[in-house]
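Tertiary structure, described
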Amino acid sequence: KNCSTNKPPKVLIAEPSTPRSGISYLKEHGCQVIELEKATEDEVLKHIAEVDALLLAPPLKLTNKILDAAGCNMKTVATVSAGYNHIDIDELRKRGIKLGNTPRVLDAAVADHAVMLALAAARRLHEGRLKIENNEWKSDYQWMLGQDICNSTVGIIGLGNIGQAIAKRMKGFDIKQILYTGHREKPEGKELGAKFVSLDTLARDSDFVIISVPLTKETEGMCNEEFFSKMKKTSVFVNISRGQVVDQPALIKALKTNSIFAAGLDVMTPEPLPPDHEMLKLPNLVLTPHIGSATTNTRNEMSLLAAKNILKGLAGEEMIYPVV
Ligand SMILES: O=CC(=O)O
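Let me begin by describing the structure that accompanies this report. (Residues numbered from 1 in each chain as written. Predicted model: local features only at pLDDT ≥ 70, side-chain atom pairs only at ≥ 80, totals over all residues. Heavy atoms only, no water.)

**A word on helix 1 (residues 20-28)**
Note the threshold: Any residue under 20% of the maximum accessible area for its type is buried, any over 50% is exposed, and the rest in between are partly exposed; the area is computed with a 1.4 Å probe on protein chains only. Starting at the N terminus, helices and strands are each numbered in turn, a helix being any DSSP run of H or I of at least four residues and a strand any DSSP run of E of at least two. Summarising the geometry, the arc corresponds to the directions from the helix axis toward the C-beta atoms. Residue contacts are counted whenever heavy atoms from the two residues lie within 4.5 Å of one another.
Here helix 1 has its buried residues at Gly 22, Ile 23 and Leu 26. Seen end-on, helix 1 carries its buried residues on one side only, within an arc spanning 100°. Here the buried face of helix 1 lies against strand 1 (10-13), strand 2 (32-35), strand 3 (53-56) and helix 12 (296-314). Residue Gly 30 follows helix 1 closely and has a positive phi angle near 85°.

**A closer look at helix 7 (residues 161-171)**
For helix 7, every residue scored as buried is listed here: Ile 162, Gly 163, Gln 164, Ala 165, Ile 166, Ala 167 and Met 170. At its buried positions, helix 7 is contacted by helix 5 (107-122), strand 6 (153-157), strand 7 (177-181), helix 8 (187-191) and strand 9 (208-211).

**Side note on the packing of aromatic side chains**
Let me state the cut-off plainly: Centres within 6.5 Å are what make two rings of Phe, Tyr or Trp a pair, Trp counting through its six-membered ring; a difference in plane orientation under 30 degrees is then read as stacked, over 60 as edge-to-face, and the rest as tilted.
Using the criterion set out here, one finds 4 aromatic pairs in the structure. Ring centres of Phe 227 and Phe 228 lie 5.6 Å apart, and the angle between their planes is 85°; this geometry places the pair in the edge-to-face category. The buried category is assigned to Phe 227, whose relative accessible area is 4%. An aromatic cluster of three or more residues is present, and its members are Phe 227, Phe 228 and Phe 237.

**Quick look at the pattern of salt bridges**
As a reminder of what qualifies: We define a salt bridge as a contact between a side-chain nitrogen of Lys or Arg and a carboxyl oxygen of Asp or Glu at a distance within 4 Å.
Within this structure, the stated rule accounts for 19 salt bridges. The salt bridge involving Arg 95 is made with Asp 68; its shortest N-O contact spans 2.8 Å. Separated by 27 residues along the polypeptide, Arg 95 in helix 4 (residues 89-95) and Asp 68 in helix 3 (residues 64-69) bring together distant segments of the chain. Measuring nitrogen to oxygen at the nearest pair gives 2.8 Å for the salt bridge that ties Glu 91 to Arg 95. Of this pair, Glu 91 and Arg 95 both sit in helix 4, 4 residues apart, which is roughly one turn of that helix. One salt-bridge network, held together by shared partners, links Asp 68, Glu 91, Lys 94 and Arg 95.

**Quick look at the state of the cysteines**
The test is simple: Criterion for a disulfide: a pair of cysteine sulfur atoms within 2.5 Å.
Applying the stated criterion across every chain yields a total of 0 disulfides. Of all cysteine sulfurs, the one in Cys 72 lies closest to Cys 31, which takes part in no disulfide; the gap is 18 Å. By relative accessible area, which is 8% here, Cys 31 ends up buried.

**Remarks on the layout of surface pockets**
Note the following rule: Residues are called lining when one of their atoms sits within 4 Å of a cavity or pocket point, these points coming from a 1 Å grid over the protein atoms alone, where a cavity is a set in which a 1.4 Å probe fits but cannot get out and a pocket is an open set with protein on both sides within 12 Å along at least five of seven lines. Grid points are joined across faces, edges and corners, and a volume is the space filled by probe spheres set on the points.
Approximately 200 Å³ is the volume attributed to the second largest pocket. Around the second largest pocket, the lining is made up of 13 residues, and of these Lys 75, Thr 76, Gly 313, Leu 314 and Gly 316 lie nearest the centre.

**A look at empty space enclosed by the protein**
Test applied: The residue classification treats Ala, Val, Leu, Ile, Met, Phe, Trp, Tyr, Cys and Pro as nonpolar and Asp, Glu, Lys and Arg as charged. All others, Gly included, are polar.
All chains considered together, the criterion is met by 1 cavity of 30 Å³ or more. Each pocket or cavity is described by its volume, and for the largest cavity that value is around 40 Å³. Around the largest cavity, the lining residues are Ala 121, Arg 124, Leu 125, His 126, Glu 127, Ala 262, Pro 283, Asn 284, Leu 285 and Val 286. The class makeup of the residues in the lining of the largest cavity is 6 nonpolar, 2 polar and 2 charged.

**Structural notes on the pairing of strand 9**
How we decide: Note on pairing: DSSP must find at least two bridges between two strands before they are called paired. Handedness of a crossover: with both strands directed away from the viewer, a clockwise path from the first strand across the helix to the second marks it as right-handed.
Alternating residues of strand 9 divide into Phe 208 and Ile 210 and Val 209 and Ile 211, and every residue in both groups is buried. Pairing of strand 6 with strand 9 involves 4 bridges; the strand directions are parallel. Along strand 9, the bridge assignment pairs Ile 156 with Ile 210. With 4 bridges joining them, strand 9 and strand 10 (residues 236-239) adopt parallel strand pairing. Residue Phe 208 lies in a different strand from strand 10, and its bridge partner there is Val 236. What joins strand 9 to strand 10 is helix 10 (residues 225-230), and the crossover it makes is right-handed.

Below, the structure is given as structure tokens:
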């Protein structure tokens with residue numbers, strides 16, 4: 001295996017749409033970059049043996065095949081994302097490879113998106129648009145009634161950085177209270193005046209349920225049929241984390257039978273969602289194509305942060321946001 005360190009260090013940019021901010025930063029700091037034209041495993045395999053670091057983004061998975069093909073200098077990986085469920089971190093740990101991610105810089109954009117979905121689902125944004133298109137606009141005071149956010153109980157599953165940013169925003173809507181659940185009660189929860197409850201209580205008592213928990217073995221399928229059956233008929237469900245946290249058929253059933261009021265999803269399974277998918281036919285479901293962090297500034301910041309993680313890793317220093 002190629003074990004000599006490249007001078008200048010070589011960084012493989014696996015995601016062709018990585019904003020220039022990070023790529024320029026790497027170049028300005030003495031790196032040679034190799035940019036792929038397509039983010040596929042095969043393309044990565046063509047170059048991975050000769051590089052010292054890898055910058056990638058979901059949905060590309062960091063497979064064992066890629067890790068096996070890497071030279072023994074490839075000890076630094078950065079993902080341009082907050083989530084890292086596309087990477088087997090135990091495997092990286094075993095191989096002594098460092099991984100950094102890009103949290104915090106996307107909190108505001110993703111939290112804004114969650115609030116947008118909550119409002120859009122509660123006020124029937126998608127359905128209203130369809131009514132206009134289908135010439136079904138009525139003048140009726142009982143028509144298209146939605147749910148209020150004011151005086152509501154907002155339940156946040158996963159009060160991490162994004163969850164806290166969501167809580168802060170929702171507090172601006174004169175809500176009654178914030179509930180949250182997770183591994184443990186958090187000091188940040190207390191500061192926000194949020195109440196730590198069980199998943200059951202959260203499902204039962206919330207008017208808005210918002211998922212901002214990372215996808216792990218523990219959270220996979222956590223919002224299942226039983227969960228949705230506990231939610232109120234008037235409640236709104238929002239997911240900005242990963243589609244697999246939700247048992248999607250159970251959600252579809254809950255929406256179709258109106259056992260919950262509406263949902264807003266930025267993440268789903270599969271992604272991309274096929275255009276003939278049954279979810280697109282549900283009037284009480286607002287969908288966006290996994291764009292929670294997709295603002296110009298946020299994506300630039302994410303790219304730059306990933307580049308900084310790479311440079312730290314190459315220098316043998318602690319990354320700014322180390323995962324492994
Ligand atoms: O989904 C996007 C991210 O994890 O940053």
